[in-house]
Amino acid sequence: MKNLLKSLSILSLIISCKTIAQVDPSKFNNPIIKDQYTGDPAALVYKDKVYLYAGHDEAPNDFNFYKMNEWVVYSSSDMKKWESYPVPLKVTDFKWAKSDAWASQVIERNGKFYWFVTVEHGTIPGKAIGVAVSDSPIGPFKDALGKALITNDMTKYTDISWDDIDPTVYIDTDGQAYLFWGNTACHYAKLKENMTEIDGEIHHIKLPNYTEAPWIHKHKDWYYLSYAYEFPEKIAYAMSKSIKGPWEFKGILNELAGNSNTNHQSIIDFKGQSYFIYHNGASIPHGGSFRRSVCVDKLFYNKDGTMKRVVMTSEGITE
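Below is a short write-up of the structure. This structure is a prediction, so every number in the text was calculated from the model and none was measured. (Residues numbered from 1 in each chain as written. Predicted model: local features only at pLDDT ≥ 70, side-chain atom pairs only at ≥ 80, totals over all residues. Heavy atoms only, no water.)

Brief notes about the overall build of the protein chain
Scanning the protein chain from N- to C-terminus turns up one helix and 20 strands. Scaling as 2.2 N^0.38, a compact globule of 319 residues should have a C-alpha radius of gyration of about 20 Å, and the protein chain matches this with 21 Å. C-alpha extents for the protein chain along the principal axes are approximately 80 × 45 × 40 Å. Within the protein chain, buried positions represent 55% of all 319 residues. Within the protein chain, counting contacts between residues at least 6 apart in sequence, those at least 24 apart form 48% of the total. As presented, the protein chain carries roughly 15100 Å² of accessible surface, and 52% of it is formed by carbon and sulfur atoms. If the 35 positive side-chain charges of the protein chain are averaged to one point and the 38 negative ones to another, these points end up 6 Å apart. (Helix = DSSP H or I, 4+ residues; strand = E, 2+ residues; numbered from the N terminus. Rg over C-alpha atoms; globule rule 2.2 N^0.38 Å. Buried < 20%, exposed > 50% of the residue type's maximum accessible area, 1.4 Å probe, protein only. Contact = heavy atoms within 4.5 Å. Areas by Shrake-Rupley, 256 points an atom, 1.4 Å probe, with all protein chains shown as cover. Lys, Arg positive; Asp, Glu negative; His and termini not counted. Charge placed at Lys NZ, Arg CZ, Asp CG, Glu CD.)

With respect to the pattern of salt bridges
Per the counting criterion, the structure on display carries nine salt bridges. The salt bridge partner of Arg292 is Asp57, with a shortest N-O separation of 2.8 Å. Of this pair, Arg292 sits in the loop between strand E19 (273–280) and strand E20 (293–299) while Asp57 is found in the loop between strand E2 (49–56) and strand E3 (70–76), placing the two residues 235 residues apart along the sequence. Owing to a relative accessible area of 2%, Asp57 belongs among the buried residues under this scheme. Residues Lys112 and Asp135 are paired through a salt bridge, measuring 2.7 Å at the closest nitrogen-oxygen approach. Here Lys112, found in strand E7 (residues 112–121), pairs with Asp135, found in the loop between strand E8 (127–134) and strand E9 (142–143); they are 23 residues apart in sequence, far enough to count as distant. What makes Asp135 exposed here is its relative accessible area of 58%. A single network of salt bridges, built from pairs that share partners, joins Asp40, Asp57 and Arg292. (Salt bridge = Lys/Arg side-chain N within 4 Å of Asp/Glu carboxyl O.)

Quick notes on the nonpolar core
Counting 27 residues, the largest nonpolar core has Trp71, Leu89, Phe94 and Trp115 as its most contacted members. Where this core is concerned, the elements lending two or more residues are E2, E3, strand E6 (97–109), E7 and E8. Apart from residues no more than four positions distant in its own chain, Phe94 is found in contact with Trp71, Leu89, Val117, Gly130, Val131, Ala132 and Asp143. Judged by nonpolar contacts, the second largest core, of 18 residues, contains Phe180, Leu207, Ile216 and Ile243. (Core = buried A, V, L, I, M, F, W, Y, C linked by side-chain atoms within 4.5 Å.)

Overview of the pairing of strand E13 (residues 198–205)
Consecutive side chains of a regular strand alternate in pointing toward one face of the sheet and then the other. Direction of pairing for strand E12 (residues 186–191) relative to E13: antiparallel, over a ladder of five bridges. Across the sheet, the residue bridging to Tyr188 is His203, located in E13. Here E12 folds back onto E13, and the loop between the two strands holds six residues, one of which, Met195, carries a positive phi near 65°. (Pairing = 2+ DSSP bridges.)

Quick notes on the sheet that holds strand E10 (residues 168–171)
The antiparallel open sheet is built from four strands, whose spatial order is E10-E11-E12-E13. Strand pairing shows two members of the sheet lacking a second neighbour, E10 and E13, which therefore form its edges. With strand direction ignored, the average angle separating the axes of adjacent strands in the sheet is 20°. In this structure, E10 lies alongside strand E11 (residues 177–181), joined through four bridges in antiparallel fashion. (Axes fitted to C-alpha atoms, helices over the stretch in contact; angles between N-to-C directions.)

Re the sheet that holds E6
If you walk across this open sheet you meet the four strands as E6-E7-E8-E9, and the pairing is antiparallel. With partners counted over all chains shown, the strands left at the sheet margins are E6 and E9, one partner each. Inspection of the sheet shows E7 paired to E8 by eight bridges, in the antiparallel sense. Bridge pairing in E8 places Thr118 opposite Ile129.

Considerations on the pairing of E20
E20 sits mainly inside the fold: six of its seven residues count as buried. Relative to E20, E19 runs antiparallel, the two sharing seven bridges. Directly across from His279, in E20, lies its bridge partner Val294.

Quick notes on the side chain of Glu233
Among the secondary structure elements, Glu233 is positioned in the loop between strand E15 (222–229) and strand E16 (234–240). Summary of buried charges: Glu233 has no salt-bridge partner, and the nearest side chain of opposite charge, Arg292, is 7.4 Å away. A distance of 2.9 Å separates the side chain of Glu233 from the backbone nitrogen of Asn263, its partner in a polar contact. In this structure Glu233 touches Thr211, Glu212, Ala228, Glu255, Leu256, Ala257, Asn261, Thr262 and Asn263, once residues within four positions along its chain are discounted. (Polar contact = N/O pair within 3.5 Å; in protein donor to acceptor, adjacent residues only side chain to side chain.)

Focus on unusual backbone geometry
Going from Gly139 to Pro140, the amide bond is cis rather than trans, its omega being 5°. Note that Pro140 resides in the loop between E8 and E9. For the bond from Phe231 to Pro232, the omega torsion is -5°, close enough to zero to count as cis. Relative to the helices and strands, Pro232 is located in the loop between E15 and E16.

Written as structure tokens, this is what we have:
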């Protein structure tokens, strides 16, 4: 019996080794951006491509905070191969800003591309939201206003200096554009058709354990407001039949992203498939909370419209 058990153990070990040997790291598509560290992904579907916009994490290995001076753009026709372009936008393109190329989003309207970005304001204390514009999704972009669209003194729901961050923009079916943003407090306001002015008052949405990173999307008859939940961050979401709410909390969508305190998502539909785009800090050798990498996995809906939990994979999109 002992000899039989020993033989079975050796056989099991041989089979395991063969199985391990068959794993091909080249088949691992996550992270999708491997030439530099990138965080806070936002995707735009335009014509037959997906354009991916992200902040460039430039922090050296011994620097444990964000060092971000520019935003980058990539595109893909199949969600597997990504093409890079020259840097289309930097903090220095906003003369009134002084630092921090934080989370952003690009949206197209009437043939122009509007890039809503987070920066540190040069004269008004705190974070601010600016808008850049281009005739092309890959830029170059230029400051559309010459000043900030949102400054820290415009919102009073919290006393922190970084509550006006993480803009997300959505144009509803009636043509009305909305801007959502905020850290610890979720704000939203209408935008005028020129996309560079707030139209009316700023509203506030109460969401359970809201931290930051709002993202608005629509699927069939439902609006979805996903956001970073607690800290370290998971992604949770709420649903509504109207972009103005009321919003019903539906729970966790995405668990903690590997080796990163933050979790920032973008949700799109492309060629009949839904995708969840996010960042983690798992890239070897020096990935972490301040050297993040963008990943993509498929997203699926239940029959009642709720979203299934996103399964984060190393393989990513393979077909």
